[in-house]
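Fold and geometry: a report
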Amino acid sequence: SRGRPEVMSACCQEPASPRSSTPQPHNSRSMRIDFASLQLFVTACRRGSITAAAAAHHIAASAVSRRLAEMEAASGVTLLERSKRGVAPTAAGQALLARAEDMLRLADRIDGDLADFSTGVRGTVRLAANTSAVTQYLPDDLAGFGQAHPDVRIELRELVSGDIVAAVSDGLSDLGIAASHVPMPGLQSRPYRQDELVAVVPSAHPLAGRAAVRMAEMADLDFIALQGESSLRNLLQAEAARLGGSLAIRVEMLSFDAIRRMVAAGLGITVLPRGAVDPYLDRLAVTALAIKEVWATRQLMLIARDFTGLSPAARALSQALAG
């Protein structure tokens, strides 16, 4: 746990007259805010929910609510507006949010610098990436970076693109790799890799003899998809809705490997990045078809809150990944 900085505010007052028996109001107020509470406050503001902040930091929602209430009691002002839809910072909360983000960024830099001395590691970079980047590109990219920078440790988390944006925004990750069509408010981005999406069908499927296919030809077929709110799943659902239908998801799986095996078993079709399919065509009874749609070629982006404010280790990794 980091230190407990003391934030003071005081109003000077004239001392009460010795002849007056009426006590004067005392407006001085001292508040102590630890960095953990500041981080919870920032995450709650950014995600608009105490429950979401609790999940991001792996603690109980009641504990988050209690610590935020203690901050408000100590400061004497309401920092969050609470409603059934979630929470939003008040005017005072907005002022604290701006300062808190600056303090947390600085604290992260200090922690990283001190950790370098205590462990002998010259830097630790927290990287969050979507499944497409993790399965296709990052193994080789990180291996090459590791050879050039053996004293840098990388903490890699595999998340869906929306959660990657949130993790970088909240300061839980230094860098992220996400699909370009996902909103990234307040973040900086650089192109990382282009990602070609292909249709994957069982070898005995009626479409298997085709070289390419349109979304309209797939929209009514049984689909196998990733569980959760992945950017790829959201993209396919949006395209099916644009055509006046809905994605017929029959099976949901947790990984690309499980999806490929379900397709090979004949349970449905899917759409995956080409790099996650081509190496397995000789081993599984599946066929990959090009998709004749503009959205089938998508851009993966490297994102950060501020590339110029990254630690030296994170800056080196960002340059290696996206120049």
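Computed from a prediction, not measured in an experiment: that's the story for all the values here.

Another point: the overall build of the chain. The secondary structure content of the chain amounts to eleven helices and 14 strands. Relative to all contacts within the chain whose residues are 6 or more apart in sequence, the contacts with residues 24 or more apart total 73%. Accessible surface, the chain: about 16800 Å² in total, of which carbon and sulfur atoms supply 52%.

Regular strands show a simple pattern: their side chains alternate between the two faces of the sheet. By the criterion of burial, strand S14 (residues 297-304) is predominantly enclosed, with six of the eight residues buried. Here four bridges tie strand S7 (residues 175-179) to S14, and the two strands are oriented antiparallel to one another. In the strand pairing of S14, Ala178 is matched with Met301. Examined bridge by bridge, strand S8 (residues 188-202) and S14 share eight bridges and lie antiparallel to one another. Looking at S14, one finds that Pro191 is bridged to Met301.

This model, assessed by the stated rule, comprises 15 salt bridges. Residue Asp174 is joined to Arg126 by a salt bridge in which the shortest nitrogen-to-oxygen separation is 2.9 Å. Here Asp174 is found in the loop between helix H7 (161-169) and S7, whereas its partner Arg126 is found in strand S5 (residues 123-129), with 48 residues between them in sequence. Exposure remark for Asp174: the relative accessible area of 18% places this residue in the buried category. As a salt-bridge pair, Asp222 and Arg250 come within 3.8 Å of each other at their nearest N and O atoms. Within this pair, whereas Asp222 is found in the loop between helix H8 (215-218) and strand S10 (223-226), its partner Arg250 is found in strand S11 (residues 249-253), the two being separated by 28 residues in sequence. When salt bridges with common partners are traced through the structure, they connect Glu196, Arg274 and Asp278 into a single cluster.

In this structure, Leu138, Leu175, Ile177, Tyr192 and Leu317 are the most contacted members of the largest nonpolar core, which totals 23 residues. Within the residue set of this core, elements represented by two or more residues are S5, helix H5 (131-136), helix H6 (138-148), S7, S14 and helix H11 (312-322). No other element matches the five residues that H11 contributes to this core. Filtering out sequence-adjacent residues up to four positions away, Ile177 remains in contact with Leu127, Ala128, Ala129, Asn130, Ala133, Leu138, Ile164, Tyr192, Leu300, Met301, Leu302 and Leu321. In terms of nonpolar packing, the next biggest core, distinct from the first, is built from 22 residues, Val42, Leu68, Met71 and Leu97 among them.

This brings us to helix H10 (residues 256-264). Among the residues making up H10, those that are buried are Phe256, Ala258, Ile259, Arg260 and Val263. Looking at the buried side of H10, the elements it contacts are H5, S8, S10, S11, strand S12 (270-273) and strand S13 (286-291). Positioned one or two residues after H10, Gly266 has a phi angle of 85 degrees, which is positive.

For the rest of this paragraph, the subject is the packing of aromatic side chains. Overall, the coordinates contain one aromatic pair when judged by the stated rule. Relative to Tyr192, the ring of Tyr137 lies with its centre 6.2 Å away and its plane at 85 degrees, an arrangement referred to as edge-to-face. With Tyr137 in the loop between H5 and H6 and Tyr192 in strand S8, this residue pair connects regions lying 55 residues apart in the sequence. The lysine or arginine in question, Arg190, covers the ring of Phe307, its NZ or CZ lying 3.9 Å from the ring centre. The ring of Tyr280 has Arg260 sitting right over it, with the charged end atom 3.6 Å from the ring centre.

Let's shift gears to the confidence of the model for the chain. For the chain, per-residue confidence averages 84 on the pLDDT scale, and 86% of positions sit at 70 or higher. Low pLDDT (under 50) marks residues 1-28, which in the prediction has 24 contacts with non-local residues, meaning those over four places away or in another chain.

With 15 residues, helix H3 (residues 61-75) should reach 21 Å at 1.5 Å per residue; the first-to-last C-alpha distance of 21 Å fits that figure. Looking at H3, one finds that the buried residues are Ala63, Val64, Leu68, Met71, Glu72 and Ser75. One or two residues past the end of H3 sits Gly76, with phi positive at roughly 80 degrees.

Looking at where Val77 falls in the secondary structure, it is placed in the loop between H3 and strand S3 (80-83). In this structure Val77 comes out as partly exposed when scored by relative accessible area, which is 37%. Separated by 15 residues in the primary sequence, Val77 and Ala92 have C-alpha atoms spaced 7.2 Å apart. Excluding residues that lie within four positions of it along the chain, Val77 makes contacts with Glu72 and Ala92.

The geometry of helix H1 (residues 35-47) relative to helix H2 (residues 50-57) is characterised by a closest axis approach of 8 Å and an angle of 125 degrees between their N-to-C directions. Relative to H2, the element H1 is oriented oblique. Handedness of the crossing formed by H1 with H2: right-handed. In this structure, H1 uses Gln39, Leu40, Thr43, Ala44 and Arg47 to contact H2, whose residues at the interface are Ala52, Ala53, Ala56 and His57. Across the contact of H1 with H2, the residue classes tally to five nonpolar, three polar and one charged.

About the cut-offs
Residues numbered from 1 in each chain as written. Predicted model: local features only at pLDDT ≥ 70, side-chain atom pairs only at ≥ 80, totals over all residues. Heavy atoms only, no water. Helix = DSSP H or I, 4+ residues; strand = E, 2+ residues; numbered from the N terminus. Contact = heavy atoms within 4.5 Å. Areas by Shrake-Rupley, 256 points an atom, 1.4 Å probe, with all protein chains shown as cover. Buried < 20%, exposed > 50% of the residue type's maximum accessible area, 1.4 Å probe, protein only. Pairing = 2+ DSSP bridges. Salt bridge = Lys/Arg side-chain N within 4 Å of Asp/Glu carboxyl O. Core = buried A, V, L, I, M, F, W, Y, C linked by side-chain atoms within 4.5 Å. Phe/Tyr/Trp six-rings, centres within 6.5 Å; stacked < 30°, edge-to-face > 60°. Lys NZ or Arg CZ within 6 Å of the ring centre and 35° of its normal. pLDDT = per-residue confidence, 0-100. Expected span 1.5 Å × (residues − 1). Axes fitted to C-alpha atoms, helices over the stretch in contact; angles between N-to-C directions. Parallel < 35°, antiparallel > 145°, perpendicular 65-115°, else oblique. Left-handed = near helix turned anticlockwise from the far one by under 90°. Nonpolar A, V, L, I, M, F, W, Y, C, P; charged D, E, K, R; others polar.

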